[in-house]
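# A closer look at the structure
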Amino acid sequence: MLIKKPVDVRESEVTPQSWYVRRREFLQVAGSTAVAVAAGAAGPLFSGTSTVLAQNPAAQKLENLRKSALSTDEKLNSYRDVTTYNNFYEFGLDKGDPARYAGSLKPRPWSVVVEGQCGKPGNYNIEDIMKWFPLEERIYRMRCVEAWSMVIPWVGFPLADFVKRFEPTSKAKFVKFTTLVDTKQMPGQTEPALPWPYVEGLRMDEAMHPLTIMAVGLYGEVLPNQNGAPIRLVVPWKYGFKGIKSIVRVSFEESQPMNTWQRMRADEYGFYANVNPAVDHPRWSQASERRIGEFFKRRTLPFNGYADQVASLYAGMDLRRYY
Ligand code: MTE
């Protein structure tokens, strides 16, 4: 994200470089060709929640998912695309590194500290958090700042429900999110690639918007480590870097938090990060994007195609200045 100019993604980059993370699980079921084929071959087509196929034989299935009316009906990227072409600098800078190395992350037991301007601060267990909110499937178009995109069937719940539960005070104007710091679990943190921990933030109205979710799964299964297990943010009208992974802290703040990429390079990455084809990145155009798995580029849409639903949040703001 930082070093390389986004070039057209070659087909070889999206083919499964690795199932290393799951290799052990695969070996366990090696006797069962059927299972191995279902999980590791060309990637079974997603055919709805009721008939979800095992993507990873060892992964916990998330049952009884509600279907969200806020989903796109665009063609999904394969499970393989979604889980082997990632940005998660805690495991390295290469797109294949998270799938290769995130096996060291332990997403259970896990707890999330909630703190700051709210009535119910505390340390909450991920198992409890997952029980509080009915899980739904949300199929979202995702656009990375590096000019590639994917369509991903997330499983999660509205961030608004999470926020309300902790009773933010009137002073809470922003929500700040923080990723785990643990060099044993996240070996990339021994390198100064980014200032650790990874931090992100949303304005309160962005956090409360019905499109904003906390994801705990994808493709009907618990979130793979490389996608930010056990809990991450998903904001479909913003560049992907807002979608902070493996969250351990949520804080209600009076003032705008400094997010990691803005701290890293304020001239290139801002706080809002709304997908905006009219504002180029200083080193490349944002006018078009490469949908992973497709040959031809497509035009990038304002707010990643969610303008009808979110443009009003920014009425009157100069989005060239507030990028
Ligand atoms: N969260 C953490 N903690 N560390 C990261 O490096 N990368 C971000 C975001 N969340 C990142 C992160 C970027 S740049 C993108 S594009 C998305 O995660 C990628 O999410 P995905 O790999 O699930 O598609």
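Preceding this paragraph is the structure being described.
## Quick look at the packing of aromatic side chains
Each aromatic ring pair is characterised by the separation of its centres together with the angle its planes make. In this structure the tally under the stated criterion is 21 aromatic pairs. For the ring pair Phe88 and Phe91, a centre distance of 4.9 Å and an interplane angle of 85° mean the geometry is edge-to-face. Overall, the relative accessible area of 3% leaves Phe91 in the buried class. Relative to Tyr269, the ring of Trp261 has its centre 5.2 Å away and its plane inclined at 70°; by these criteria the two rings are edge-to-face. Comparing Trp261 with Tyr269 shows no difference in burial state: the two are buried. These aromatic residues form a ring-pair network of at least three members: Tyr124, Trp132, Phe133, Phe157, Phe162 and Phe166. The side chain of Arg141 reaches across the aromatic face of Tyr306, ending 4.7 Å from its centre.

## Details of the environment of Ser78
With respect to the helices and strands, the residue Ser78 is situated in the loop between β1 (66-67) and α4 (79-84). For the pair Ser78 and Gly293, spaced 215 residues apart in the sequence, the C-alpha separation amounts to 8.8 Å.

## With respect to the sheet that holds strand β2 (residues 111-116)
The strand order across the open sheet built from 5 strands is β3-β2-β11-β6-β7, with neighbouring strands paired in mixed fashion. Taken across any chain shown, the strands that pair with only one partner, and hence form the sheet edges, are β3 (122-125) and β7 (199-203). Put simply, the sheet's adjacent strands are angled 20° from each other on average, direction ignored.

## Things to note about the nonpolar core
Generally speaking, soluble globular proteins have nonpolar side chains that are buried together. With 83 residues, the main nonpolar core has Trp154, Phe162, Phe177, Met214 and Ile231 as its most contacted residues. At 7 residues, strand β5 (residues 148-158) tops the list of elements feeding residues into this core. The contacts of Met214, once residues within four sequence positions are left out, are Val155, Gly156, Phe157, Leu159, Phe162, Phe177, Ile231, Arg232, Leu233, Ile247 and Val250.

## Things to note about the pattern of salt bridges
Tallied over the full model, the rule gives 20 salt bridges. Here Lys61 ties to Glu221 by a salt bridge, and the two come within 3.6 Å at their closest N and O atoms. Residue Lys61 is located in the loop between α3 (33-40) and β1, and its partner Glu221 is located in strand β9 (residues 221-222); the two are separated by 160 residues in the primary sequence. Overall, the relative accessible area of 1% leaves Glu221 in the buried class.

What counts as what
Residues numbered from 1 in each chain as written. Predicted model: local features only at pLDDT ≥ 70, side-chain atom pairs only at ≥ 80, totals over all residues. Heavy atoms only, no water. Phe/Tyr/Trp six-rings, centres within 6.5 Å; stacked < 30°, edge-to-face > 60°. Buried < 20%, exposed > 50% of the residue type's maximum accessible area, 1.4 Å probe, protein only. Lys NZ or Arg CZ within 6 Å of the ring centre and 35° of its normal. Helix = DSSP H or I, 4+ residues; strand = E, 2+ residues; numbered from the N terminus. Pairing = 2+ DSSP bridges. Axes fitted to C-alpha atoms, helices over the stretch in contact; angles between N-to-C directions. Core = buried A, V, L, I, M, F, W, Y, C linked by side-chain atoms within 4.5 Å. Contact = heavy atoms within 4.5 Å. Salt bridge = Lys/Arg side-chain N within 4 Å of Asp/Glu carboxyl O.

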